[in-house]
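One letter stands for each residue in the lines below.
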Amino acid sequence: MLAEGEFQGENRLKKAVSELGKVVERNALLPFLVEHKQQVIEAMQHVCDKAIIIAALYNTAFRFSYEEVTILGKYFHVQDKVPRSLLEERVSEIYGFNKSISNAIDYSMPTLIEAGFINRPEAGVYEKPNLSIKTEISLAIYKESFYLNNPLLDRQQEYEDAPYFEFLK
């Protein structure tokens, strides 16, 4: 198993496998990806498109991550850097503040940073990277993740001004 080389300890390995299952195997975005399999494979060859696809998968699997990206997008629209404290404060308005919020941010942000979807120039500070989309399918996947997180929205309307899409501007 590939994960065995990346994690030390049986519990960490089990947790990693569980999370991978949720992000990939049981992801509501999976049918869309399978339907466009060849295009997705081609898009994954481009660094920025890969970051967008990974973020879409993660944001669809974890509503908390979607909320984080939406909050960051709102602030990146008007400023270049967002301190972690502001992100924590805004996420707490949705979920209520407790230590779990801080732990969840510690858990989710490294994934988005490692994917290249968010930059962290210094500890406790986030920046929006310059993502240059190369393929239409990565944009379509990201839009689909938006609609899966907002199932009551009318898909016939444009929502590209929503904070969630700030990363693609």
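Here's a quick rundown of the structure. Just so you know, these numbers come straight off a predicted model, no measurement behind them.

Within the protein one finds eight helices and three strands. The helix and strand sequence of the protein, counted from the amino end, reads α-α-α-α-α-β-α-α-β-β-α. Expressed as a percentage of the 169 residues in the protein, the buried residues total 44%. Element-wise, carbon and sulfur atoms account for 52% of the exposed surface of the protein, whose accessible area totals about 9,900 Å².

The next thing to look at is the sheet that holds strand β3 (residues 125–127). What the three strands build is an open sheet, ordered β1-β3-β2; its pairing is antiparallel. The open sheet terminates on both sides in strands that have one partner only, identified here as β1 (81–83) and β2 (119–122). The mean inter-strand angle of the sheet, taken between neighbouring strand axes irrespective of direction, is 35°. Relative to β3, β2 runs antiparallel, the two sharing two bridges. Looking at β3, one finds that Asn119 is bridged to Glu127. Along the sheet face, helix α5 (residues 63–76) touches β1 and β3 and points at about 130° away from the line of β1.

At a closest axis distance of 10 Å, the pairing of helix α6 (residues 84–95) and helix α7 (residues 99–115) adopts a crossing angle of 120°. Crossing handedness for the pair α6 and α7: right-handed. In this structure, α6 contributes Arg84, Leu87, Glu88, Val91, Ser92 and Tyr95 to the contact, and α7 contributes Ile101, Ser102, Ile105, Asp106 and Met109. Looking at the contact of α6 with α7, its residues break down into six nonpolar, two polar and three charged.

It is worth spelling out α7 at this point. Here α7 is 17 residues long and its end C-alpha atoms lie 25 Å apart, about the 24 Å a rise of 1.5 Å per residue gives. Taken as a whole, α7 has its buried residues at Ile101, Ser102, Ile105, Ser108, Met109, Leu112 and Ala115. If you follow the buried residues of α7, they end up packed against α4 (47–61), α5, α6 and β3.

All right, on to the packing of aromatic side chains then. Under the definition given, this model contains 14 aromatic pairs. Aromatic side chains Phe117 and Tyr142 sit 5.8 Å apart centroid to centroid with 40° between the ring planes, which places their arrangement in the tilted category. One end of the pair, Phe117, is in the loop between α7 and β2; the other, Tyr142, is in helix α8 (residues 136–149), and 25 residues separate them in sequence. Exposure remark for Phe117: the relative accessible area of 0% places this residue in the buried category.

Now for the pattern of salt bridges. Per the stated rule, a full pass over the model turns up eleven salt bridges. Between Glu89 and Arg90 there is a salt bridge, and its shortest N-O distance comes to 2.7 Å. On the basis of relative accessible area, Glu89 is assigned to the partly exposed category, the value being 42%. Residue Arg90 is classed as partly exposed on the basis of its relative accessible area, which comes to 22%.

Reading the values: rules and limits
- Residues numbered from 1 in each chain as written.
- Predicted model: local features only at pLDDT ≥ 70, side-chain atom pairs only at ≥ 80, totals over all residues.
- Heavy atoms only, no water.
- Helix = DSSP H or I, 4+ residues; strand = E, 2+ residues; numbered from the N terminus.
- Buried < 20%, exposed > 50% of the residue type's maximum accessible area, 1.4 Å probe, protein only.
- Areas by Shrake-Rupley, 256 points an atom, 1.4 Å probe, with all protein chains shown as cover.
- Pairing = 2+ DSSP bridges.
- Axes fitted to C-alpha atoms, helices over the stretch in contact; angles between N-to-C directions.
- Contact = heavy atoms within 4.5 Å.
- Left-handed = near helix turned anticlockwise from the far one by under 90°.
- Nonpolar A, V, L, I, M, F, W, Y, C, P; charged D, E, K, R; others polar.
- Expected span 1.5 Å × (residues − 1).
- Phe/Tyr/Trp six-rings, centres within 6.5 Å; stacked < 30°, edge-to-face > 60°.
- Salt bridge = Lys/Arg side-chain N within 4 Å of Asp/Glu carboxyl O.

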